[in-house]
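# Notes for the structure review
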Amino acid sequence: MAIFDIAIYAFFAWAMHRLAKRFATNSPDGTWNDNLTGFVAFFSVVCAIRFNVGVDCLSYIKIFHENWITEDRVLIWNGIVSALHALGLHYAFGLGIMAFIQILFITLAVRRTPYVLLALPIVLFGNRYFMDLTGAVRQMTAACIFLWGSKFIAERKLLPYVAVVWACSLIHFSSWILLPLYLLRNSFTLADKRKWMLVVFACCFVAGQTPSFQRYANDAAAFATMIGYEGYAQRVSNFLEEGQTAEALTFGPMMLSYLLVAVFSICYGPTLKKRYEDKIPCFNIWYNLGYFYACAYFLVCNVSHLFIRPVQYLELFQMVVVSLLLYDLGFSRHRRQLPFLALLFSIWLNTSWEMIKASGSENEHSTYKVFFMHLDQEKQLFSHPVH
């Protein structure tokens, strides 16, 4: 079954890659066309009809089904939930709308560089990004909007940038932590500082392997509550009370995949800078934030899951940079077969191993499932109202 489950995600990646290829061929300047509409629509439908795909998927299904409102300050999110419930629409519409917003802003961020969009589906479904988009729906929707809004950092447009962060905060309040990133300068680049990047990344990785999860768990919960992760803080607190901390400390194939992808993006940083800095206006912002994400993730991954959540705001920048690298190694005139295959293996090691782990498990949230084939589980889910 694991091979079949991997093949499903590979098909999704192939289908979106084909649409992106047609878009790049017919619209090299990034002008929107029907292929790009299909690109966005395909992802939206795939996410809309899913069932228990993504760690918090069932919670979001219940929220849409039961019109569960918890925070007055997230007006956009509350408006979507309330409107769908008032119209009596199936929860799939809610999941689909959020997925549409996600892929729309990802697409808007990179459509002027169609070659990035060409490789993006392969990276999206091959590594952790799809599972995070379908798991932490609210936060990752805000992260997608921020990915698009990062152009205002490069353009030094403060008011539009603040407006983007404010809009994100109306979906997930923690988005306000992104405001200081406006201080970054697009002229500052890390991409050509490979040795220093490797040293700093190695230090973050080694420091992060220290098993300090329990020591900082209480501080993490307080921090999470302060910036808008109240519900998530409670779930992780329950997780800790049950003694289930092994997941945070495990270094296996999936974590190896994250490590290899980060190392690839660091090692090829000078090459990417030389070839694309002048072609992509936001290149330095994207590269720097992607690198910050890699360092921060490995630094905090063993402190608490709560610290990982804020860091996830930056993970889509890594996705874009890795997509650019995959294109350069495999599809451009500079293509190099062995490095391309090595990077492709590193990317898909994550999804492949996740499917292998999920095979035969009853409560897994990784394999792709559709709601109309799980009506019994849906009925059981709705028999316990959200509290």
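Here the structure is a predicted model, which means the values were calculated and not measured. One numbering rule holds for all chains: residues counted from 1, following each sequence as written. Under the rules for a predicted model, residues below a pLDDT of 70 receive no local features and side-chain atom pairs below 80 are neither given nor counted, while totals for whole chains, interfaces and linings still include all residues. Neither water nor hydrogens contribute to the side-chain values; these are computed over all heavy atoms in the structure.

### Quick word on the overall build of the chain
If you tally the helices and strands in the chain, you get 21 helices and 0 strands. When accessible area is computed with a 1.4 Å probe and restricted to protein chains, residues below 20% of their type maximum are described as buried, those above 50% as exposed, and intermediate ones as partly exposed. Buried residues in the chain amount to 58% of all 387 residues. Whether two residues are in contact is decided by their heavy atoms: any pair within 4.5 Å suffices. When contacts within the chain are restricted to residue pairs at least 6 apart in sequence, those whose partners lie at least 24 apart make up 78%. For helices the rule is a DSSP run of H or I covering at least 4 residues; for strands it is a run of E covering at least 2, with both sets numbered from the N terminus onward.

### Observations concerning the packing of helix α15 (residues 253-267) against helix α17 (residues 283-300)
When two helices pack together, you describe them by how their axes are tilted relative to each other and by the distance separating the axes. Remark: α15 packs on α17, axes separated minimally by 11 Å, with the N-to-C direction vectors making an angle of 145°. For the pair α15 and α17, the sense of crossing is left-handed. Contacts between α15 and α17 pair M255, Y258, L259, A262, S265 and I266 from the former with Y287, Y291, A294, Y297 and F298 from the latter. For this classification, Asp, Glu, Lys and Arg are treated as charged, while Ala, Val, Leu, Ile, Met, Phe, Trp, Tyr, Cys and Pro are nonpolar and the rest, including Gly, are polar. A class-by-class count of the residues in the contact of α15 with α17 yields 10 nonpolar, 1 polar and no charged. Lines are fitted to the C-alpha atoms to define the axes, a helix being fitted only along its stretch in contact, and any angle between axes, read from their N-to-C directions, falls within 0 to 180 degrees. Note: crossing handedness is left-handed where the near helix turns anticlockwise from the far helix by less than a right angle, and right-handed where it turns clockwise.

### What to know about α17
Take the number of residues in a helix, subtract one, and multiply by 1.5 Å to get its expected span. Spanning 18 residues, α17 covers 26 Å between terminal C-alpha atoms, matching the ideal 26 Å at 1.5 Å per step. Within α17, 15 of the 18 residues are buried, leaving the element largely enclosed by the surrounding structure.

### Side note on unusual backbone geometry
For residues besides glycine, phi is generally negative; the peptide bonds are generally trans as well. For N52, which is not glycine, the phi dihedral falls at a positive 55°. Its location among the elements puts N52 in the loop between α2 (34-48) and α3 (57-66). With a relative accessible area of 13%, N52 lands in the buried category.

### Some words on the packing of aromatic side chains
The criterion for an aromatic pair is that two Phe, Tyr or Trp rings (for Trp, the six-membered ring) have centres within 6.5 Å, with stacked assigned to planes under 30 degrees apart, edge-to-face to planes over 60 apart and tilted to the rest. Applying the stated rule across the entire model yields 33 aromatic pairs. With centroids separated by 6.0 Å and ring planes inclined at 75°, the aromatic side chains of Y91 and F382 adopt a geometry described as edge-to-face. Pair noted here: Y91 is in helix α5 (residues 91-110) and F382 is in helix α21 (residues 375-382), with a separation of 291 residues, a long-range link. With 6.2 Å between their ring centres and 5° between their planes, F264 and Y268 make a pair best called stacked. Like F264, the residue Y268 is buried in the burial classification. Through pairs of rings, three or more aromatic residues link up here, namely Y9, F11, F12, W14, F42, F43, F125, F130 and Y368. Directly above the aromatic system of Y182 lies the positively charged group of R156, at a separation of 4.1 Å from the ring centroid. Should the NZ of a Lys or the CZ of an Arg lie within 6 Å of a ring centre and within 35 degrees of the ring normal, that charge is described as sitting over the ring.

### Observations concerning the environment of F283
Within the secondary structure, F283 is located in helix α17. When its relative accessible area of 2% is taken as the criterion, F283 is described as buried. Measuring from C-alpha to C-alpha, the distance between F283 and S187 comes to 9.8 Å, with 96 residues separating the pair along the chain. If we ignore the near neighbours within four places in the chain, the residues touching F283 are N186, A191, L272, K273, Y276, E277 and L324.

### Considerations on the environment of D192
Relative to the elements of secondary structure, D192 occurs in the loop between α10 (158-169) and α11 (194-208). The exposure class assigned to D192 is partly exposed, which follows from its relative accessible area of 40%. C-alpha of D192 to C-alpha of K274: the two residues are 82 residues apart in sequence and 8.6 Å apart in space. Ignoring anything within four residues of it in the chain, the contact list for D192 reads P270 and K273. Among the polar contacts listed, one links the side chain of D192 to the side chain of K193, at a separation of 3.3 Å. As used in this structure description, the phrase polar contact means that two N or O atoms lie within 3.5 Å; if the pair is within protein, one of them must be able to donate a hydrogen and the other to accept it, and residues adjacent in sequence are counted only when both atoms belong to side chains.

### Here's the deal with the nonpolar core
Take the buried residues of types Ala, Val, Leu, Ile, Met, Phe, Trp, Tyr and Cys, join any two whose side-chain atoms come within 4.5 Å, and each joined set is a nonpolar core. Counting 128 residues, the largest nonpolar core has Y9, F43, F125, F130 and W286 as the members making the most contacts within it. For this core, the element with the most residues is α17, which contributes 12 residues. With residues near it in sequence (within four places) discarded, F130 still touches Y9, F43, V46, C47, V53, L124 and F125.

### Brief notes about helix α20 (residues 337-358)
Here α20 spans 31 Å end to end across 22 residues, near enough to the 32 Å set by a 1.5 Å rise per residue. Fitting one axis to the seven residues ending at a residue and another to the seven starting there, the bend at that residue is the angle between the two axes. Taken as a whole, α20 carries its principal kink of about 35° at W348. Phi for G360, located one or two positions after α20, is positive at around 85°.

### As for the side chain of H17
Mapped onto the secondary structure, H17 falls in helix α1 (residues 2-26). Here L118 takes part through its backbone oxygen, which lies 2.8 Å from a polar atom of the side chain of H17.

### As for the pattern of salt bridges
Whenever a carboxyl oxygen of Asp or Glu lies within 4 Å of a side-chain nitrogen of Lys or Arg, that contact is scored as a salt bridge. Counted under the stated rule, the structure contains 7 salt bridges. For D132, the salt bridge is made with R128, and the minimal N-O distance between the two is 2.9 Å. Per residue, the accessibility class of D132 equals that of R128, and both read buried. Among the salt bridges present, the one from E277 reaches K273, with a minimum N-O distance of 2.7 Å.

### Side note on the environment of G290
Note on placement: G290 falls in helix α17. With 27 residues separating them in the primary sequence, G290 and F317 have C-alpha atoms 4.6 Å apart. In contact with G290, not counting residues within four places along its chain, are L314, F317 and Q318.

### So, the state of the cysteines
A pair of sulfur atoms, both from cysteines and within 2.5 Å, is called a disulfide here. Under the defined criterion, the tally for this structure stands at 0 disulfides. Summary of cysteine pairing: C57 is not part of a disulfide, and the nearest cysteine sulfur, belonging to C47, is at 9.2 Å. Given the relative accessible area of 0%, C57 is considered buried. Summary of cysteine pairing: C168 is not part of a disulfide, and the nearest cysteine sulfur, belonging to C144, is at 9.4 Å.

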